[in-house]
Amino acid sequence: MKCFYHMERDASGMCAQCGKAACGECLEDVGGALLCHSCEKLAQQDAAAEHEMRGKKAKKRIQLINFLTIPCVIGAVPLAIAVAAKGGIIGFFGGLVGAVLGIYCVWATIWGLFHVLPWLKHKLSNSSFFIFLTPAGRVILLFATCYLVLIGAILYGVLGGALHQYLHYRQMAMNAT
Ligand SMILES: [Zn+2]
Ligand SMILES: [Zn+2]
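Residues numbered from 1 in each chain as written. Chains lettered and ligands numbered in written order. Predicted model: local features only at pLDDT ≥ 70, side-chain atom pairs only at ≥ 80, totals over all residues.

Colleague: Any chance you could explain the overall build of the protein here in plain terms?
Modeller: In terms of regular secondary structure, the protein is built from two helices and four strands. Relative to its length of 177 residues, the protein is extended, with a C-alpha radius of gyration of 26 Å against a globular reference of 16 Å. Its C-alpha atoms give the protein principal-axis dimensions of roughly 90 × 45 × 20 Å. Split into buried and exposed, the 177 residues of the protein put 12% on the buried side. Restricting to contacts in the protein with at least 6 residues of sequence separation, those with at least 24 account for 47%. (Helix = DSSP H or I, 4+ residues; strand = E, 2+ residues; numbered from the N terminus. Rg over C-alpha atoms; globule rule 2.2 N^0.38 Å. Buried ≥ 20, exposed ≤ 12 C-beta atoms within 10 Å, placed from the backbone. Contact = placed C-beta atoms within 7 Å.)

Below you can see the structure in the form of structure tokens.
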């Protein structure tokens, strides 16, 4: 068999994508798969587009968390002062700790929720329990799901996942131009 791109050369293998026979010069090892150079180019374009899309999504999430966190932080100080006026120095620190915890819960839920939701969706689409097929079962499921996801998201966030997610997405957002 001859190389698809060089009629005069013998093929040394086949492209894993399009199946064309190609010579050693035309085949490239891409992540363990041999691809011909036109498929390799397409794969690179796909990867670049995917990278750009992920970067844009990351940017949106970073903007959302900034949009929610900054007013919370700004609001926390007067809140702590207001509590202090009623409860003295202990009230001040109590208010401050409460405000910080509240902000962290918002923060953790945002990072955790986006992580837990796709996992839950996947789990549900694979389950075939009969109860989910009845309308009442779906309503119960909806409520249970909302609470479970919220609890899962907060736990995930509190256990440190939120910080990891934030740093991960910030890195992707920074890479996006
Ligand atoms: Zn060739
Ligand atoms: Zn190919």
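Colleague: What is the right way to look at the nonpolar core in this model?
Modeller: Generally speaking, soluble globular proteins have nonpolar side chains that are buried together. By size, the foremost hydrophobic cluster in this structure holds eight residues: Cys3, Cys15, Ala22, Cys26, Leu27, Leu35, Cys36 and Cys39. Ignoring sequence-local partners within four residues, the contact set of Leu35 consists of Cys15, Ala16, Gln17, Leu27, Glu28, Val30, Glu40 and Ala43. (Core = buried A, V, L, I, M, F, W, Y, C linked by C-beta atoms within 7 Å.)

Colleague: How should the environment of Leu42 be read in this particular structure?
Modeller: Here Leu42 is to be found in helix 1 (residues 37-126). Judged by the 14 C-beta atoms lying within 10 Å of it, Leu42 falls in the partly exposed class. Each C-alpha atom of the pair Leu42 and Leu113 lies 34 Å from the other, and the pair is 71 residues apart in sequence.

Colleague: Quick question: what am I supposed to make of the pairing of strand 3 (residues 27-30) here?
Modeller: Successive side chains on a regular strand alternate, one facing one side of the sheet and the next facing the other. Bridge analysis of strand 3 against strand 4 (residues 33-36) gives four bridges, and the strand direction is antiparallel. Within the sheet, the bridge partner assigned to Val30 lies in strand 4 and is Ala33. (Pairing = 2+ DSSP bridges.)

Any functional reading would require information beyond the geometric quantities listed.
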